[in-house]
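Reading the structure
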Amino acid sequence: MNEEKQAELYTSPGGKFVRSDSLRRMLAHWHSFRLSQKQAHLIKYDGEVYAGDEVEKLMLLSAR
């Protein structure tokens, strides 16, 4: 069975865990954020932390 890796959403700074979901769903959730919310959160995926413009790069990588 092909199990998709989970992405995790955290507050930034402080790193308080908010939720976990598939990368596709997490990026859709991120896309719905207002700018101030994007600045106050980060995504952890596959051992890497993505914040701000880095999440946009993650969106491009996930589209491949």
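The structure reproduced in this document is the subject of the present report.

Calculation rules
Residue positions are counted from 1 within each chain, in the order its sequence is given. Two thresholds apply to this predicted model, a pLDDT of at least 70 for residue-level local features and 80 or more for giving and counting side-chain atom pairs, whereas whole-chain, interface and lining totals are computed over all residues. Based on all heavy atoms of the structure, the side-chain values leave hydrogens and waters out of the count. When DSSP locates at least two bridges between a pair of strands, those strands are taken to pair. Per the convention used, a helix needs a DSSP run of H or I reaching at least four residues, while a strand needs a run of E reaching at least two, with both numbered from the N terminus. Between N-to-C directions, angles cover 0 to 180 degrees, with each direction set by a line fitted to C-alpha atoms, over the stretch in contact for helices. Whether two residues touch is decided by their heavy atoms; if any such pair falls within 4.5 Å, the residues are in contact. Working definition: with a 1.4 Å probe on protein chains only, accessible area under 20% of the residue-type maximum means buried, over 50% means exposed, and in between means partly exposed. Under this definition, polar contacts are N or O atom pairs within 3.5 Å; protein pairs additionally need one hydrogen-donor-capable and one acceptor-capable atom, and for neighbouring residues in sequence, both atoms have to be side-chain atoms.

Sheet analysis places strand β3 (residues 41-45) next to strand β4 (residues 48-51), joined by four bridges and oriented antiparallel. What sits directly across from lysine 44, in β4, is valine 49. Counting the residues in the hairpin turn of β3 and β4 gives two residues, including aspartate 46, whose phi is positive at 55 degrees.

In this section: the sheet that holds strand β1 (residues 6-11). Hydrogen bonds along the backbone pair up the strands of a sheet, which may run parallel or antiparallel. Ordered in space as β2-β1-β3-β4, the four strands form an open sheet in which the pairing is antiparallel. Both outer strands of the open sheet, β2 (17-22) and β4, are each paired with one neighbouring strand and no more. Between one strand and the next, the sheet's axes are offset by a mean angle of 25 degrees, whatever the strand orientation. The pairing of β1 with β3 spans five bridges and is antiparallel. By the bridge assignment for β3, alanine 7 is matched with tyrosine 45. Against the sheet, helix α1 (residues 23-31) engages β1, β2 and β3, with an angle of about 125 degrees to β2.

Our focus in this paragraph is the environment of alanine 63. On the secondary structure map, alanine 63 appears in the segment after α3 (53-62). What makes alanine 63 exposed here is its relative accessible area of 65%.

Mapped onto the fold, aspartate 21 is located in strand β2. One polar contact links aspartate 21 to arginine 19, side chain to side chain, over a distance of 2.8 Å.

Of note in the backbone geometry, aspartate 46 takes a positive phi value of approximately 55 degrees without being a glycine. Residue placement: aspartate 46 occurs in the loop between β3 and β4.

A few words on the side chain of serine 22. Structurally, serine 22 can be placed in strand β2. Given the relative accessible area of 8%, serine 22 is considered buried. Within the local environment of serine 22, its side chain forms a polar contact with the backbone nitrogen of arginine 25, the two atoms lying 3.2 Å apart. Filtering out sequence-adjacent residues up to four positions away, serine 22 remains in contact with Glu4, Lys5, Gln6 and Ala7.

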